[in-house]
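An overview of the molecular structure
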Amino acid sequence: MSATMEPAAHVSSAVRTDAPPAILLDKVNKWYGALHVLRDINLSVAQGERVVVCGPSGSGKSTMIRCINRLEQHQEGRIIVDNIELSDDLRSLDAIRREVGMVFQSFNLFPHLTILENCTLAPIWVRRMPKKEAEALAMDYLTRVKIPEQANKYPGQLSGGQQQRVAIARALCMKPKIMLFDEPTSALDPEMIKEVLDTMVMLADTGMTMICVTHEMGFARQVADRVVFMDRGEIVESGVPEQLFNDPKTERLKTFLSQILRGH
Amino acid sequence: MAEIAAEASAPRPLQDAVIGPRRPPLLAVGPVAWAKTNLFSSWLSTAVTLALGYLIIRWAMGFIDWAFVNAIWSVPVTNGQAQTQACRALNGTGACWAVVTEKHRFMLFGTYPYEEHWRPALCVLLFIGLYIVSAMRRFWRKELALIWIGTLALIGLLMWGGVFGLSYVPQERWGGLVITLILSTFGIALAFPLSILVALGRRSRLPAIKTLCILYVELIRGVPLISLLFMASVMFPLFLPEGINIDKLLRAQVAIILFAAAYLAEVVRGGLQALPRGQYEAADALGLGFWQKTGFIILPQALRLVIPPLVNTFIGMFKDTSLVLIIGIFDLLTAGKTAIVEPAWQGFGIEIYVTIGLIYFIFCFAMSRYSQGLEAELNQHRVR
Amino acid sequence: MSDTAADPRLLRAPPKKGIRLSWADEKLRGIVWQVLVVGVVVSILWWLVSNTSHNLEVRRIATGWGFLSREAGLPIGEHVIDYNPTNTYARALLVGVLNTLKVAVIGILLATVFGTLIGIARLSKNWLLSRIAATYIEVIRDLPLLLQLLFWYAILQGLPAPRQSLNPVTGVFLSNRGLKLPWIQWQDAHSFALLGLVAGIVATIFYARAARAKQMADGQPRKVWPLALGLILGLPLLIWAGLGAPFAGDIPALRGFNFQGGLTITPEYFALLLGLVMYTAAFIAEIVRAGIQSVARGQWEAAEALGLQRGRIMRLIVLPQALRVIIPPMTSQYLNLTKNSSLAVAIGYQDIVSISNTTLNQTGQAIEGIAIIMAVYLSISLSISLFMNWYNARIALVER
């Protein structure tokens, strides 16, 4: 059982390899009915590490990261997040969801609440923060994602890029230790992708542990400590971005990369 | 770098040797797994399943006892008088289907001459055939209107008779299921064109026409159908010039048409509104006039959009024709209610109502299933 | 900052278009169409009115509202306000309106509760429960309401006579005379206790608001339910006990061929309420289901990912969004229930339709009788519409 990652030579300064891993997936398996969607997934993410997950659609990338905060349940294997093992125990679930923030492909902002209310909802009800404090915190993060002036508008009045930045701010307001990104730029128009990626780069620079499902290869090269390639429910290849993109070992990755490049 | 490439989650089978997908653990598929996730997923769910299961089995056994085991299917008739003592002796422990056996002709055809019952029976079949043809997409063409006109004319001919050697049967003697079908089918056939005009009127830019249509729709929708039927039965005679009298069935039919048109108009208006503006603009840009634009571009699309709610409105109208019972018109429900007025059969209402319910259910269920299927199909097209 | 007075776009007004006397002129065409349609409608109406007035004259039918102050002489079994047959038609009609409202208001409340429960059951993860709810909805919606009413009424009439009445719980009797329930002899203490209940509910609302405000200030959630329980249950009980806890049961008892005392629910009212509630609940269940399903899955997931608990997600995220979808169709179901209550006439419950109908048969004044029915329903429909529109606008404000 060699699931834990060996100390890596190429890691950014923020990665703490001495500490226990932030996320550990150990032989995780999942089925939808009879369809085997996750097959023996082993993945260990160190604290402060930035991992980019890529792969063709239907390869199980989203399912994998949705298992990490238990939006989906795995059926075999173990998932340990921040030293807490995911189980049916609701307390462990609550604890993990406080520590793990998530950003969705389709933003999923609450349309009936203002931007500010979207951001303060969870701090108030889950973190039990006084409203004033939660609002100050939210404004702080909205300023960091560069949209403080939109605080009193409703999600429907914002552009897609702005909405996604609000979604990032909303997740950050819970002060998570880990952030999951599920194709955050796939639903955006090209001119808006950059503003969201910039926000994510800025976040990466703060030393946040991140797992990001994305096809943005530029982003992967810029910030990822490691790229994981998934296909048909299994991790086929992983490594630092340069090595993986320039010297793919498997046919599957080669095919995938050529398709991606052609697409761009 | 090499270390990371050789890390545990890295590819062991470098040469793309795809590991065959494993089967899920035994408890994830199959009937056991199904039952576990859908019936016994938690203790609460288990308790609900057991309690409901018990109630259903008990109720079903009670129903089978009542409807089949203890039921009486026919009783002897002496001197034209049904001997219902056996039924009464059951004291409610079993159904007395004998009342249905005895009265089924009456319920289906009312007081139509007995030896001529084949005529309304044929009409019922014609109606059903008409519904089936209308439900098939292949026939959604202009010819469908001709088929409707032809069939309805044929039905009128069969019911009245008086030509081709058919004896004349006055309208007062019609009754039963065929009246229900006549009221609903003629009601829909005439209300539909009217509703399209009203819906177009309500979206018109001409204020007077718009106001008239709004007034009509909102007034009709604000009052119960009964009040319109009362109006038809007691006020219509006052409306017409002295000496002219139209029969009760026709008056009720007019009330039903006016009522149905108001509801249908709202459904059609929904379709007109749902159609993207671009369609109107494209038609205008092509230089089509109002009626060309409406007939060729707007209506064909708008009506298609609202077929499921239209069918639901039809179901509602079909059920609502039973209200003519209150003004004494002899439809299916009235016939059933009249059947148990006879002293021998008094108190066997439940059997009669269950039977009538079954007839209504068959018609409405078929329509609602059809509408659901169509909706799913149309949504699929929209997704693509 | 812009100087509006100098805005060049405001300097020149558009030219006024006149009407050309030509069929090609759009405006003229519009006017001709309108004159034509209105003319046809008005002339048809005028023809009908003139026929009617002529017929009324020929048949010597009186018109006008004079009959309202005449003695009605029609017996009414159920009345909310005092009534006897020597009262006027006006009062009889008022009794009818109140009877309609009695069945409509209680029917709307029960149908909402029952329909919501079925709608939620329809969404249950328990297959059996969900199937039963689906079957109920499908079967009920495919049967005419009138048939259902007659069916329930036949069942209630098929019940044994009072002497052999069903007695499931002590004091409760079900017979062909209706449902008999135990009640209490009403005294002042009970009225005060009822006032206490209302005060308790109001106080609870204020307390819950204050608790929420405090939570917003220091972040600590407060348990509202213990005090709410005390205020809503304890306060009325305390008042009642303080006034000497008077209690005298009014328990129905069989005397001769019928019952004495207790609360009576007549078979007519019972069958009508049962039929209306069961029928409307099936439609409401579908509305509730569609409303809850209309909230995208992503909303649940996003809220879950933020760590909110299920109950809170329902209350803070899902319900506010679902309600916006639910309220407009719910309004039309409430209107339908009210209009459908007019079927009361078929099973002999004396609502406004039934009493107007008797009135028009007795007086021969058909036009007035039907006008009354229509006016009553139009005003009820309008009031419900206005209220629901106001409520809808209020919760829609939350969105934008």
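Residues numbered from 1 in each chain as written. Chains lettered and ligands numbered in written order. Predicted model: local features only at pLDDT ≥ 70, side-chain atom pairs only at ≥ 80, totals over all residues. Heavy atoms only, no water.

Put simply, the rule reads: UniProt positions are given in the numbering used here, feature names are shortened, and annotations may be inferred rather than shown by experiment.
The name that an unreviewed UniProt entry assigns to chain C is Amino acid ABC transporter permease, with the source organism given as Teichococcus vastitatis. Recorded under Sequence similarities (unreviewed entry), the UniProt text for chain C is reproduced unchanged: "Belongs to the binding-protein-dependent transport system permease family. HisMQ subfamily."

1. Looking at the overall build of chain C
How we decide: Numbering of helices and strands starts at the N terminus; helices are DSSP runs of H or I of at least 4 residues and strands are runs of E of at least 2. Radius of gyration: C-alpha atoms only; globule rule: 2.2 Å multiplied by the number of residues to the exponent 0.38. Any two residues whose heavy atoms approach within 4.5 Å are treated as being in contact.
When helices and strands are tallied, chain C shows 12 helices and seven strands. Compactness check: chain C gives a C-alpha radius of gyration of 29 Å against a globular reference of 21 Å for 400 residues, more than 25% above the reference. With the C-alpha coordinates aligned to their principal axes, the bounding extent of chain C is approximately 85 × 80 × 45 Å. Put simply, of all contacts in chain C between residues at least 6 apart along the chain, 65% involve residues at least 24 apart.

2. Side note on the environment of F365 of chain B
Within the secondary structure, F365 of chain B sits in helix α16 (residues 349-383). Excluding its chain neighbours within four sequence positions, the residues that come into contact with F365 of chain B are E138 and D142 of chain C.

3. Description of the interface of chain B and chain C
Here is the rule we go by: The quantity reported as buried area is the accessible area (1.4 Å probe) lost by two parts once they are put together, taken as the sum for both. In protein, a polar contact means a hydrogen-donor-capable atom and an acceptor-capable atom, both N or O and within 3.5 Å, with residues adjacent in sequence counting only if both atoms are side-chain atoms; elsewhere, any N or O pair within 3.5 Å suffices. Any residue that is not Ala, Val, Leu, Ile, Met, Phe, Trp, Tyr, Cys, Pro, Asp, Glu, Lys or Arg is counted as polar, Gly included; the first ten are nonpolar and the last four charged.
Between chain B and chain C, the contact holds 57 residues from the first and 53 residues from the second. Between chain B and chain C, a total of about 4,500 Å² is buried, with carbon and sulfur atoms accounting for 75% of that surface. There are 15 residue pairs in polar contact (both at pLDDT 80 or more) connecting chain B and chain C. For the side of chain B that touches chain C, the elements supplying multiple residues, two or more each, are α2 (30-38), α3 (43-69), α9 (207-222), α10 (225-239), α14 (307-320), α15 (332-339) and α16 of chain B. When residues in the side of chain B that touches chain C are grouped by element, the largest group, 12 residues, is from α16 of chain B. Considered class by class, the residues forming the side of chain B that touches chain C number 39 nonpolar, 11 polar and seven charged.

4. With respect to unusual backbone geometry
Residues and elements named next belong to chain A. So the rule is basically this: Think of it in three bands: residues with accessible area under 20% of the maximum for their type are buried, residues over 50% are exposed, and the middle band is partly exposed, with areas taken using a 1.4 Å probe on protein chains only.
Unusually for a residue other than glycine, K27 sits at a positive phi of about 50 degrees. Residue placement: K27 occurs in strand β1 (residues 23-32). With relative accessibility at 46%, the residue K27 sits in the partly exposed group. One non-glycine residue, R232, adopts positive backbone phi at about 45 degrees.

5. A few points about the pairing of strand β9 (residues 226-231) of chain A
All names here are of chain A. This is how the line gets drawn: Here a strand pair is declared whenever DSSP counts at least two bridges between the two strands.
The buried fraction of β9 is high, at six of six residues. On β9, burial covers both faces: R226, V228 and M230 on one face and V227, F229 and D231 on the other are all buried. Strand direction decides the pairing type here: strand β3 (residues 50-54) and β9, joined by four bridges, are parallel. Within the sheet, the bridge partner assigned to C54 lies in β9 and is F229. Note that β9 and strand β10 (residues 234-239) share five bridges and pair antiparallel. Bridging from a neighbouring strand, D231 pairs with E234 of β10.

6. A word on the sheet that holds strand β6 (residues 100-103) of chain A
Residues and elements named next belong to chain A. The line we're drawing: Axis lines are fitted to C-alpha atoms, over the contacting stretch for helices. Their N-to-C directions set the angle, which ranges from 0 to 180 degrees.
Strand order in the open sheet formed by six strands is β6-β7-β8-β3-β9-β10, and the pairing between neighbours is mixed. Only two strands of the sheet have a single partner each, and these edge strands are β6 and β10. Between one strand and the next, the sheet's axes are offset by a mean angle of 20 degrees, whatever the strand orientation. Examined bridge by bridge, strand β7 (residues 178-182) and strand β8 (residues 209-213) share five bridges and lie parallel to one another. Each bridged residue has a counterpart across the sheet, and for F181 the counterpart in β8 is C212.

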